[in-house]
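Here's the letter readout for the chains.
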Amino acid sequence: METIKIAGTEDTPTVILDSKSEILEISGRSLPEDVASFYDPILNWLEEYAESPNEKTVFNFKLVYFNTASSKLLLDILMKLEDMHEAGKDVKVVWHYPEDDEDMQEAGEEYADIVDVPFEQISY
């Protein structure tokens with residue numbers, strides 16, 4: 001599988017999807033102008049990855065901010081992970097949030113309530 005590495009900007013998160021090194025991570029700020037075109041390659045990659053995932057899949061979210069449009073696409077990512085989990089794959093989501101950021105903590109809690117995937121929250 002091809003690795004996806006997208007360098008973050010003011011408006012777009014850093015994305016690393018590397019099945020060989022087992023790093024699946026989105027970090028930074030997510031408020032891309034065209035949210036669908038930014039997240040489409042990520043969702044397509046996950047679709048392909050789900051056909052033959054690693055023995056254990058840990059997806060790290062390390063976002064410091066995301067807008068409403070991004071929140072829907074983040075949920076789409078989580079739904080793909082939920083599909084893998086329901087198919088019997090070992091999947092875990094780790095939601096990292098700044099210790100003093102209640103909004104990001106609550107966002108992680110809300111996502112954890114919506115999807116049926118093992119979910120861990122870590123403050124830093």
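As shown above, the structure is provided for reference.
The following paragraphs examine the structure supplied in this document. Just so it is clear, the model here is predicted, and its values are computed rather than measured. In this convention, every chain numbers its residues from 1, walking through the sequence in written order. pLDDT decides what is reported in this predicted model: residues at 70 or higher carry local features, side-chain atom pairs at 80 or more are listed and counted, and totals for whole chains, interfaces and linings draw on all residues regardless. Side-chain metrics in this entry use all non-hydrogen atoms of the structure; hydrogen atoms and water are not considered.

### Some thoughts on the overall build of the chain
Now for step 1: Looking only at helices and strands, the chain features 3 helices and 6 strands.
Now for step 2: Radius of gyration: over C-alpha atoms. The globule rule applied is 2.2 Å multiplied by the number of residues raised to the 0.38 power. Taking 124 residues into account, the globule formula puts the C-alpha radius of gyration at 14 Å, and the chain, at 13 Å, falls close to it.
Now for step 3: Relative accessible area decides the class of each residue, using a 1.4 Å probe on protein chains only: under 20% of the type maximum gives buried, over 50% gives exposed, and in between gives partly exposed. Here the chain, with 124 residues, has 42% of them falling under the buried criterion.
Now for step 4: Reported accessibility uses the Shrake-Rupley method at a 1.4 Å probe radius. Residues are deemed covered only where the shown protein chains occlude them. Of the roughly 6,700 Å² of accessible surface on the chain, 45% is carried by carbon and sulfur atoms.
Now for step 5: When the 9 positive and 29 negative side-chain charges of the chain are each reduced to one mean point, those points stand 7 Å apart. Note on conventions: DSSP H or I runs of at least 4 residues are helices, E runs of at least 2 residues are strands, and numbering of each starts at the N terminus. Counted as positive: Lys and Arg. Counted as negative: Asp and Glu. His and the chain ends are not counted at all. Where a charge sits is defined by one atom per residue type, namely NZ (Lys), CZ (Arg), CG (Asp) or CD (Glu).

### Examining unusual backbone geometry
Now for step 1: The phi dihedral of Glu-22 is positive, around 60°, even though this residue is not glycine.
Now for step 2: Along the chain, Glu-22 turns up in the loop between strand E2 (14-18) and strand E3 (23-30).

### With respect to a negative patch on the surface
Now for step 1: Judged by side-chain charge, Glu-102, Asp-103, Glu-106, Glu-109, Glu-110 and Asp-113 come together as a negatively charged surface patch.
Now for step 2: Note that Glu-110 resides in helix H3 (residues 102-114). Exposure above 30% relative accessible area and the absence of a salt bridge qualify a residue for a patch, where like charges join within 9 Å and nonpolar side chains (Val, Leu, Ile, Met, Phe, Trp, Tyr) within 5 Å. A pairing counts as a salt bridge when a side-chain nitrogen of Lys or Arg comes within 4 Å of a carboxyl oxygen of Asp or Glu.

### Here's the deal with a nonpolar patch on the surface
Now for step 1: Together, Val-64, Tyr-65 and Tyr-124 make up a nonpolar patch on the protein surface, roughly 290 Å² of accessible area in all.
Now for step 2: Among the secondary structure elements, Tyr-65 is positioned in strand E4 (residues 56-66).
Now for step 3: Residue classification places Tyr-65 among the partly exposed positions, given a relative accessible area of 37%.

### Notes on the environment of Phe-66
Now for step 1: Looking at where Phe-66 falls in the secondary structure, it is placed in strand E4.
Now for step 2: Using a relative accessible area of 15% as the deciding quantity, one classes Phe-66 as buried.
Now for step 3: In what follows, a contact means two residues having at least one pair of non-hydrogen atoms within 4.5 Å. Here Phe-66 is in contact with Ser-30, Ser-71, Leu-74, Trp-95, Met-104, Ala-107 and Tyr-111, once residues within four sequence places are set aside.

### A word on helix H2 (residues 68-86)
Now for step 1: A helix's residues, less one, multiplied by 1.5 Å, set its expected span. Here H2 is 19 residues long and its end C-alpha atoms lie 27 Å apart, about the 27 Å a rise of 1.5 Å per residue gives.
Now for step 2: Three or more residues of H2 are buried, namely Ser-70, Leu-73, Leu-74, Ile-77, Leu-78, Leu-81, Glu-82 and Met-84.
Now for step 3: Taken together, the buried residues of H2 touch E3, helix H1 (35-51), E4, strand E5 (90-97), H3 and strand E6 (119-123).
Now for step 4: Positioned one or two residues after H2, Gly-88 has a phi angle of 90°, which is positive.

### Overview of the pattern of salt bridges
Now for step 1: In this structure the tally under the stated criterion is 5 salt bridges.
Now for step 2: With a closest N to O distance of 2.4 Å, Lys-80 and Glu-47 form a salt bridge. Of this pair, Lys-80 sits in helix H2 while Glu-47 sits in helix H1, and the two are 33 residues apart along the sequence.
Now for step 3: For Asp-90, the salt bridge identified is with Lys-56, shortest N-O distance 3.6 Å.

### Examining H3
Now for step 1: Taking 1.5 Å per residue, 13 residues should reach 18 Å; H3 reaches 18 Å between its end C-alpha atoms and fits that length.
Now for step 2: Listed as buried for H3 are Met-104, Ala-107, Gly-108 and Tyr-111. Down the axis of H3, the buried set is contained in an arc of 100°. They therefore lie on one face. Those residues of H3 that are exposed and angled more than 90 degrees off the buried face are Glu-102, Glu-110 and Asp-113.
Now for step 3: Sitting at the head of H3, Asp-101 places a side-chain oxygen 3.2 Å from the backbone nitrogen of Asp-103. The arc refers to the directions leading from the helix axis to the C-beta atoms. Nitrogen and oxygen atoms within 3.5 Å of one another constitute a polar contact, given that in protein one can donate a hydrogen and the other can accept it, and given that sequence-neighbouring residues count only through two side-chain atoms.

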